[in-house]
Structure formats: C-alpha cells, structure tokens
Amino acid sequence: MAWIIEALKERGLSTAMRVALRYMLGRLRGVDDIIKCALCPNFCKFNCPTHIASGSETHSPAGRARVAFFIESGVLELNPENALPLYTCLGCLACKAYCPFNFSVPEITYRLRVRLRQANALPVQLAQIVDNLSRHKFLHGPRPAEDRIAGNLLYIRGCTVRQHLPSLAEITMEVFKRFGVTLATHADEVCCGFHAYLLGAEDIFRDLAKMSIELLKKYSCAITSCPTIAYTYRVLYPRFGFQLPIEVYHVTELLKRVMSEQQVKLREVRKKVVVHESWPLSRGIETSNVMLDLLKSIPGVEVALPIRHGRYVYDIGGYCSLLKFVNQWLVRRIAQERLRELSTVGNIIVTSSPDATIVFRELGANVYDIVEVMAEALGL
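S.K.: Any chance you could explain unusual backbone geometry here in plain terms?
M.R.: For residues besides glycine, phi is generally negative; the peptide bonds are generally trans as well. The backbone of N120 sits at a positive phi, close to 55°, despite the residue not being glycine. With respect to the helices and strands, the residue N120 is situated in the loop between α8 (110-118) and α9 (127-136). Here N120 falls in the exposed class, since its relative accessible area comes to 69%. Phi is positive for E286, close to 55°, though the residue is something other than glycine. Its place among the elements puts E286 in the loop between α16 (279-284) and α17 (288-296). Of the residues examined, E286 reaches a relative accessible area of 57% and is grouped as exposed.

S.K.: What is the right way to look at the packing of aromatic side chains in this model?
M.R.: Each pair of aromatic rings is reported with the distance of its centres and the angle of its planes. Taken as a whole and assessed by the stated rule, the structure comprises 17 aromatic pairs. Both rings, one in Y110 and one in F240, keep their centres 5.7 Å apart while their planes meet at 80°; by these two values the pair is edge-to-face. Of the two residues, Y110 is situated in helix α8 and F240 in the loop between α14 (227-239) and β4 (248-250); the sequence distance between them amounts to 130 residues. By relative accessible area, Y110 is classed as buried at 7%. On the basis of an interplanar angle of 35° and a centroid distance of 6.2 Å, the ring pair of F194 and Y197 is categorised as tilted. Of this pair, F194 and Y197 are both found in helix α12 (residues 194-199), three residues apart, which corresponds to roughly one turn of the helix. Residue Y197 is classed as buried on the basis of its relative accessible area, which comes to 5%. By the ring-pair criterion, three or more aromatic residues cluster together here, those being Y110, F194, Y197, F205, Y231, Y233, Y237, F240, F242 and W279.

S.K.: Is there a simple way to explain the nonpolar core in this structure?
M.R.: Soluble, globular proteins show a tendency: their nonpolar side chains are buried together. Ranked by internal contacts, the top residues of the largest apolar core, which has 84 residues, are L199 and F360. Looking at this core element by element, the count peaks at seven residues for helix α13 (residues 202-216). The contacts of L199, once residues within four sequence positions are left out, are Y87, R113, R117, L122, L126, I129, V130, L133 and L322. The next biggest cluster of nonpolar side chains, apart from the first, holds 40 residues, and it includes Y155, L183, I223 and Y249.

Scoring rules and cut-offs
- Residues numbered from 1 in each chain as written.
- Predicted model: local features only at pLDDT ≥ 70, side-chain atom pairs only at ≥ 80, totals over all residues.
- Heavy atoms only, no water.
- Helix = DSSP H or I, 4+ residues; strand = E, 2+ residues; numbered from the N terminus.
- Buried < 20%, exposed > 50% of the residue type's maximum accessible area, 1.4 Å probe, protein only.
- Phe/Tyr/Trp six-rings, centres within 6.5 Å; stacked < 30°, edge-to-face > 60°.
- Core = buried A, V, L, I, M, F, W, Y, C linked by side-chain atoms within 4.5 Å.
- Contact = heavy atoms within 4.5 Å.

Right, here's the structure in full:
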C-alpha cells in the first residue's frame with residue numbers, strides 16, 4: 001500500500017477517490033498481487049523464456065515477484081544490484097498465459113519499477129537507454145537523418161528497423177506500392193515508449209505517447225512493422241489514458257485486407273516454412289493467425305507450427321526488451337533454445353518480428369520476414 005499512498009498525496013481528491021475505488025474493486029495491481037505471485041509454486045515458469053534458458057529461479061516469474069516483495073517489504077535494499085532480475089524479464093506476458101489470477105510479472109511490478117527509477121536505482125547498464133529516450137526520443141541514440149515521404153497512410157517503422165534493418169522498411173513500401181498503397185514516413189517519428197514502460201520511466205513514456213499521438217493526427221491510418229509498437233499503441237496507450245485518433249495496424253493486418261480487396265495473382269514460392277510468432281501479436285493483440293493466413297494464401301508455401309505457438313508462444317526478445325541491454329548471453333541462450341525447437345519442424349523460419357529476424361540471423365539461421373516472402377510471391 002505504501003506506493004499507492006505516496007502517489008495519491010500528489011493527486012486531487014477526485015483522482016484519489018477513483019484510484020481507491022479501483023483498488024478496492026481489485027482492478028489496480030498492488031503489493032497484494034506481488035505477494036500472491038511470490039507465494040505461488042511457480043506454475044508458469046515452464047513457459048517463461050528466461051527461466052527455461054537459464055534454469056535459474058531468479059529468472060522465473062515467481063522469483064522476480066519474490067525479489068519485488070523483499071524490496072517492497074524492506075528485506076532487500078532498494079538498489080540496482082537487488083533490482084536487476086526485474087529488468088531481465090522480457091515483458092512477454094508468457095507467465096500470464098498460465099496464471100490462475102491472470103497476473104503478469106511486468107504488470108504487477110510496474111509501480112515498483114517506477115519507484116526504482118525515481119530513486120535512481122536502475123541498473124547502470126540501462127542508463128544509456130534512459131538518456132537516449134529522454135534526449136533523442138529514439139532507442140538507439142540520435143535518430144537517423146531521413147527524408148519525409150508524403151501520403152495519408154503513415155508507416156511507423158520503429159527504432160530497430162530504422163537503425164538495424166532499414167532494408168525491411170524499403171521492401172515493405174515496395175510491397176504495398178504493388179497494391180496501389182503509398183506509405184508515408186515522417187522524420188518526427190519517435191520511439192513508442194515500450195522501453196520507458198519497462199524501465200518504469202513513466203514521465204518519458206507519457207512524453208513519447210503524446211508525441212506519437214500528435215503525429216498520428218496528421219494521417220488517416222497507420223501501420224507498423226514492429227509488433228511491439230502495435231501492442232504499445234493499442235494496449236498500453238489506452239491503459240495510460242491515451243486514446244488513438246486513428247487506427248494503427250501491424251503490416252500483416254493491412255496486407256491481408258488489401259489482398260482480400262484486390263485479386264492479385266501471386267507467384268508460386270516453393271518453401272516449407274516453420275512460423276515463429278511474436279508475443280505482442282499472439283498474446284498482446286491476438287492477431288498472429290493473420291500471418292498464418294497470409295502464408296497459406298501463397299501458392300507453394302507449406303506452413304508448419306512449432307509446439308509452442310499462438311497464446312503459448314515462446315518468444316525471444318531482442319532489442320524490444322531490456323534483457324538485450326543487461327544480459328546478452330541470456331538473449332542468445334533463449335534464441336538458441338527457440339531455434340532448437342523450430343528446427344524439429346523446419347529449417348526455413350518465417351516471422352513478423354524484426355527483432356526475431358535480427359537475433360536469428362546473428363545465430364546463422366535461415367529466416368525471412370513475412371513481408372520478404374510476400375515480396376517474392378509478388379515477383380519483387
């Protein structure tokens with residue numbers, strides 16, 4: 001209760017009453033939820049990528065909840081070393097898929113992460129991320145110098161595509177051009193704020209959300225290559241009181257729509273592929289079946305799924321998590337485990353996650369983004 005009382009001191013009476021009512025009705029995550037999670041026998045840990053890859057209880061959902069509880073209760077000091085396990089969480093909601101209380105560790109520990117950031121107790125490895133988001137509004141430092149492309153449909157490429165995978169943005173624009181859709185880009189595109197949320201940097205998150213929404217107001221619709229952006233805009237922004245002025249889709253959703261409206265003949269693509277889904281689409285906004293539908297619509301493509309897919313998908317993180325910045329060894333172990341599983345079904349991987357594409361390629365895997373497969377089917 002301590003963080004709730006502290007937060008309400010700075011709010012008006014109406015806000016305080018609304019928050020108190022939500023808490024009493026059980027709609028606000030609090031310390032009680034952390035205690036329930038910490039005392040649970042860790043039913044969900046077999047679905048947690050960091051626990052599976054490391055074998056460590058500290059990297060399990062209940063392990064993190066216990067760390068959070070001990071910090072909240074004063075058993076552990078509020079310092080970066082003790083808090084580090086909280087930032088090794090991918091934020092992928094894998095724990096929620098099996099939780100009888102519908103808890104997820106990133107959600108129930110959010111207010112503690114806010115406290116840690118306010119107390120300057122973030123792990124030192126994350127200081128650069130805070131600086132990048134605060135000064136440059138971009139995950140990777142100064143934003144790339146880019147020209148603006150005019151149009152009514154905004155293409156939100158995302159920090160990682162702009163910095164590490166610009167060829168995917170070019171292919172995406174070419175694919176939509178084939179369907180008569182010109183995608184607009186804007187040099188003022190900023191980070192969606194997902195990392196600020198994971199950091200507990202609520203002030204930065206709100207600033208980035210406001211800037212992103214102001215940009216949306218200039219367009220009639222928006223799409224993004226990044227599943228995490230789609231999740232942040234459609235789930236986190238409303239949760240923090242921000243309403244979207246226009247619809248924001250993942251590229252697969254708009255591709256499926258334009259393909260259903262136009263009778264474009266696709267070339268045969270002889271590939272037997274295994275699908276790696278991303279958690280923001282499968283568990284966040286629940287649209288992973290869209291990518292499957294697109295692949296099945298391409299002549300010659302044989303589609304297979306690994307054991308863990310859909311709601312129970314084993315995702316790997318990458319630049320869309322904080323783990324990439326605090327423990328790169330664990331990122332590789334998680335990806336190696338996923339590649340082992342995928343290889344039992346097929347050796348050609350298709351994903352809709354730019355982060356997964358980058359990590360898998362770093363490990364030498366044969367991986368394509370769904371847009372690249374569609375480009376091949378269109379003869380581009």
